[in-house]
Amino acid sequence: MNRIKQYRQKKKLSQYELSQRIGVARQTINLIENDKYNPSLSLCMKLAYALETDLNTLFWEVDASSAESSQ
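Here we summarise the structure given alongside this text. Predicted, not measured: the structure shown is a model, and the values here were computed from it.

## Brief notes about the packing of helix H2 (residues 15–22) against helix H4 (residues 41–50)
Between H2 and H4, the least distance of the axes is 10 Å, while the angle of their chain directions is 115 degrees. Note that H2 runs across H4; the crossing there is right-handed. Contacts between H2 and H4 involve Leu18, Arg21 and Ile22 on the former and, on the latter, Leu43, Lys46, Leu47 and Ala50. Among the residues forming the contact of H2 with H4, the class breakdown is five nonpolar, no polar and two charged.

What follows is the structure, encoded as structure tokens:
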């Protein structure tokens, strides 16, 4: 699970606006947000840069509240 949608919404960006910033189709953003497409490392880096965060935060880190709720 990734946090792209959360960070995109914090930035008040539509899927289309984010897709334009990183040079992909809007549908690609939708597929990534819904865990139906695994982006390349290069695309992950573009997403993190556009959303002003890092790869760990965007894709891998699990915060304590979500870890507790899944138990």
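There's more to say after this.
## Comments concerning the pattern of salt bridges
Applying the stated criterion across every chain yields a total of two salt bridges. Of the charged contacts in the structure, one is a salt bridge between Arg8 and Glu33, with a shortest N-O distance of 2.6 Å. With Arg8 in helix H1 (residues 4–10) and Glu33 in helix H3 (residues 26–33), this residue pair connects regions lying 25 residues apart in the sequence. Comparing Arg8 with Glu33, the two get one shared label, buried. The residue Glu52 makes a salt bridge to Lys11 at a minimum N-O spacing of 2.5 Å. Remark: Lys11 occurs in the loop between H1 and H2 and Glu52 occurs in the loop between H4 and helix H5 (55–60); sequence separation between them is 41 residues. Glu52 sits in the exposed class, given a relative accessible area of 63%.

The rules behind each value
- Residues numbered from 1 in each chain as written.
- Predicted model: local features only at pLDDT ≥ 70, side-chain atom pairs only at ≥ 80, totals over all residues.
- Heavy atoms only, no water.
- Axes fitted to C-alpha atoms, helices over the stretch in contact; angles between N-to-C directions.
- Helix = DSSP H or I, 4+ residues; strand = E, 2+ residues; numbered from the N terminus.
- Left-handed = near helix turned anticlockwise from the far one by under 90°.
- Contact = heavy atoms within 4.5 Å.
- Nonpolar A, V, L, I, M, F, W, Y, C, P; charged D, E, K, R; others polar.
- Salt bridge = Lys/Arg side-chain N within 4 Å of Asp/Glu carboxyl O.
- Buried < 20%, exposed > 50% of the residue type's maximum accessible area, 1.4 Å probe, protein only.

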